[in-house]
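So you can see what is in the structure, the chains are spelled out below.
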Amino acid sequence: MTPRPRPRPPATPDEELLGTKRRAVLATQTEPERIARIDAELEAGFAELRDLGPAVSVFGSARTPTDHPNYALAREIARRLGEEGMAIITGGGPGIMEAANRGAQDAGVRSVGLNIELPFEQGANAYQDITLTFSFFFTRKLMFVRYATAFVVMPGGFGTLDELFEALVLEQVDKIRDFPIVLVGTEFWGGLLAWVSERLVADGVIDADDPELLRVTDDPEEVVRIVCAARDRQED
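Position labels on residues start from 1 in each chain and follow its written sequence. Only residues with pLDDT of at least 70 get local features here, since the model is predicted, and only at 80 or more are side-chain atom pairs given and counted; chain-wide, interface and lining totals rely on the full set of residues. Calculation of side-chain values draws on the structure's entire complement of heavy atoms; hydrogens and water are dropped beforehand.

1. A look at the overall build of the chain
Note the cut-off: For helices the rule is a DSSP run of H or I covering at least 4 residues; for strands it is a run of E covering at least 2, with both sets numbered from the N terminus onward. The globule rule used here is 2.2 Å times the number of residues to the 0.38 power, and the radius of gyration it is set against is calculated over C-alpha atoms. With a 1.4 Å probe rolled over the protein chains alone, any residue whose accessible area is under 20% of its type maximum counts as buried; one over 50% counts as exposed, and the rest are partly exposed.
Per the secondary structure count, the chain includes 8 helices and 7 strands. In summary, the chain has a C-alpha radius of gyration of 19 Å against a globular reference of 18 Å for 236 residues, a match within 12%. Across its three principal axes, the chain shows a C-alpha extent of roughly 60 × 45 × 40 Å. Across the 236 residues of the chain, 45% fall into the buried class.

2. Section: the sheet that holds strand S6 (residues 181–184)
The cut-off we apply is this: One bridge is not enough; two strands pair if DSSP finds at least two bridges between them. To obtain each axis, a line is fitted to C-alpha atoms, and for helices this fit is confined to the stretch in contact; angles are then taken between N-to-C directions over 0 to 180 degrees.
Pairing is parallel in the open sheet, where 7 strands are placed in the order S4-S3-S2-S1-S5-S6-S7. The open sheet is flanked by strand S4 (130–134) and strand S7 (214–217), the only strands paired with a single partner. Each strand axis lies, on average, 20 degrees off the axis of its neighbour in the sheet, ignoring direction. Bridge count between strand S3 (residues 111–116) and S4: 5 bridges; the pairing is parallel. Paired with Leu114 across the bridge in S4 is Leu132.

3. A short note on the side chain of Glu163
Selection criterion: We score Asp and Glu as negative and Lys and Arg as positive, and we do not count His or the chain ends. Whenever a carboxyl oxygen of Asp or Glu lies within 4 Å of a side-chain nitrogen of Lys or Arg, that contact is scored as a salt bridge. Note on definitions: a residue-residue contact is assigned when non-hydrogen atoms from the two residues lie within 4.5 Å.
With respect to the element layout, Glu163 can be found in helix H6 (residues 158–172). Look at Glu163: it is buried, it has no salt bridge, and the nearest opposite charge is Arg140 at 4.4 Å. Each residue touching Glu163, except ones within four places of it in the same chain, is listed here: Phe59, Arg140, Lys141, Phe144 and Phe151.

4. Comments concerning the pairing of strand S2 (residues 87–90)
We count it as follows: With the strands aimed away from the viewer, a crossover counts as right-handed if its path from the first strand over the helix to the second runs clockwise.
Going residue by residue along S2, you find Ala87 and Ile89 tucked away on one face and Ile88 and Thr90 tucked away on the opposite face as well. Pairing geometry for strand S1 (residues 55–59) and S2, over 3 bridges, is parallel. Along S2, the bridge assignment pairs Ser57 with Ile89. As a crossover connection, the stretch from S1 through helix H3 (residues 69–83) into S2 is right-handed. For the segment spanning S2, helix H4 (residues 96–107) and S3, crossover handedness is right-handed.

5. Details of the pattern of salt bridges
Inspection of the entire model under this criterion finds 11 salt bridges. Residue Arg75 is joined to Asp106 by a salt bridge in which the shortest nitrogen-to-oxygen separation is 2.7 Å. Of the two residues, Arg75 sits in helix H3 while Asp106 sits in helix H4, which places them 31 residues apart along the sequence. For Arg225, the salt bridge is made with Glu222, and the minimal N-O distance between the two is 3.6 Å. One end of the pair is Arg225 and the other is Glu222, both in helix H8 (residues 220–235) and 3 residues apart, which spans about a single turn. Looking at Arg225, the relative accessible area reads 49%, which means it is partly exposed. Put simply, Lys141, Asp162 and Glu166 are held in one network by salt bridges that share partners.

As structure tokens, this is what we get:
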């Protein structure tokens, strides 16, 4: 019989939390220590962001270079939202996140970065007024939704899709309401939206009106109009 490989040290606290029950990852904390760390992250997030006011969470690829049109577009959208009094929240990294944080600072509103510990280096961008670093994805995700009145989603990869569908499910099941999810880039998102209608609606696994929870546009002015209209309704 081939001997079982020895457990390896976890690369991140997330892996330590999620991988130890499969015996592939060495347990380095007790359950009370894990709970205390989770509690500390939640407390820190609540303390730092409780007075943030209306805000928008902006998502998109960390791999977008600074000379890409999507970088300039994200910066412009964030600036315009900031000029309407909206703080900007991002994941704190490079690419689209950096662009949105820059746009917030261009407008003179608070720029928030919710950074995450990763097994590979992803430095925080230089355009954050409030910087929080999370060990756990799920505590970070809570802050993106709790302190935002809308999501603006630029082209991105798995992480962007993860945040998009997390919010979409919460909206679908009324855990959050009147929470715009605005996709920027009709060409980029067109295939996904077509698949949602042609497969998910057609197969009856979602309701026919569920795709209406997503708005898609290429126009920064329309992004601002959608987000601000929802903010105004939420404040009535």
